[in-house]
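Geometric and topological summary
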Amino acid sequence: MPNISYIDRLALVHAITAGKLSGLDIPGYASSNIRVLAVASFANGYHALFLAGALFMLLATILTWRLVSPADTQPVSAPSPKRNELGTGVVE
């Protein structure tokens, strides 16, 4: 689509990123072809977004694994049950 104006190109990109994939119309191009292009662009954008998110999660996992020491994360022991004033039973 090299022959479309800047305004039409900007409107098309804005509509695709907003998720408005139906009703796209550019003069001189078949609307069915525009819809196929819009759906493919939208899907490719989501693919890149999820790939970037997965890579970020992998990096954060590796950094956490390497930087957090097991000594820093010792388990906390449960407190012992408290006795009542008379010492005859456990207070809940």
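Structure: above.
Below: a short report on this structure. (Residues numbered from 1 in each chain as written. Predicted model: local features only at pLDDT ≥ 70, side-chain atom pairs only at ≥ 80, totals over all residues. Heavy atoms only, no water.)

A few words now on the overall build of the chain. Along its length, the chain carries 2 helices and 0 strands. The buried share among the 92 residues of the chain stands at 10%. Look at the contacts in the chain between residues 6 or more apart in sequence, and 24% of them connect residues 24 or more apart. In the form shown here, the chain has an accessible surface area of approximately 8000 Å², with 65% of it arising from carbon and sulfur atoms. (Helix = DSSP H or I, 4+ residues; strand = E, 2+ residues; numbered from the N terminus. Buried < 20%, exposed > 50% of the residue type's maximum accessible area, 1.4 Å probe, protein only. Contact = heavy atoms within 4.5 Å. Areas by Shrake-Rupley, 256 points an atom, 1.4 Å probe, with all protein chains shown as cover.)

Attention shifts here to helix α1 (residues 6-18). When the terminal C-alpha atoms of α1 are compared, their 18 Å separation across 13 residues agrees well with the 18 Å that a helix rising 1.5 Å per residue should span. In this structure, the buried side of α1 is in contact with α2 (31-67). Residue Gly19 follows α1 closely and has a positive phi angle near 85°. (Expected span 1.5 Å × (residues − 1).)

A few words on a nonpolar patch on the surface. Taken together, the side chains of Leu51, Leu55, Leu58 and Ile62 define a hydrophobic patch exposed on the protein surface, amounting to about 380 Å² of accessible area. In this structure, Leu58 sits in helix α2. (Patch = residues over 30% accessible without salt bridge, like charges linked within 9 Å, V, L, I, M, F, W, Y side chains within 5 Å. Salt bridge = Lys/Arg side-chain N within 4 Å of Asp/Glu carboxyl O.)

The next subject is the nonpolar core. Of all hydrophobic cores here, the largest spans 9 residues; its members are Ile4, Leu12, Ala15, Ile16, Leu21, Leu24, Ile26, Ile34 and Ala38. The set of elements that each furnish at least two residues to this core consists of α1 and α2. Counting residues per element, this core draws most heavily on α1, at 3 residues. (Core = buried A, V, L, I, M, F, W, Y, C linked by side-chain atoms within 4.5 Å.)

All right, on to the packing of aromatic side chains then. Under the defined criterion, the tally for this structure stands at 2 aromatic pairs. Between the aromatic rings of Phe42 and Tyr46, the centroid separation amounts to 5.0 Å while the plane-to-plane angle is 70°, which identifies the pairing as edge-to-face. With Phe42 and Tyr46 both in helix α2 and 4 residues apart, this pair spans about one turn of that helix. Here Phe42 falls in the partly exposed class, since its relative accessible area comes to 26%. Judged by relative accessible area, Tyr46 falls into the partly exposed class, the value being 40%. One aromatic cluster in this structure is built from Phe42, Tyr46 and Phe50. Across from the ring centre of Trp65, 6.0 Å away, lies the NZ or CZ of Arg66, which sits over that ring. (Phe/Tyr/Trp six-rings, centres within 6.5 Å; stacked < 30°, edge-to-face > 60°. Lys NZ or Arg CZ within 6 Å of the ring centre and 35° of its normal.)

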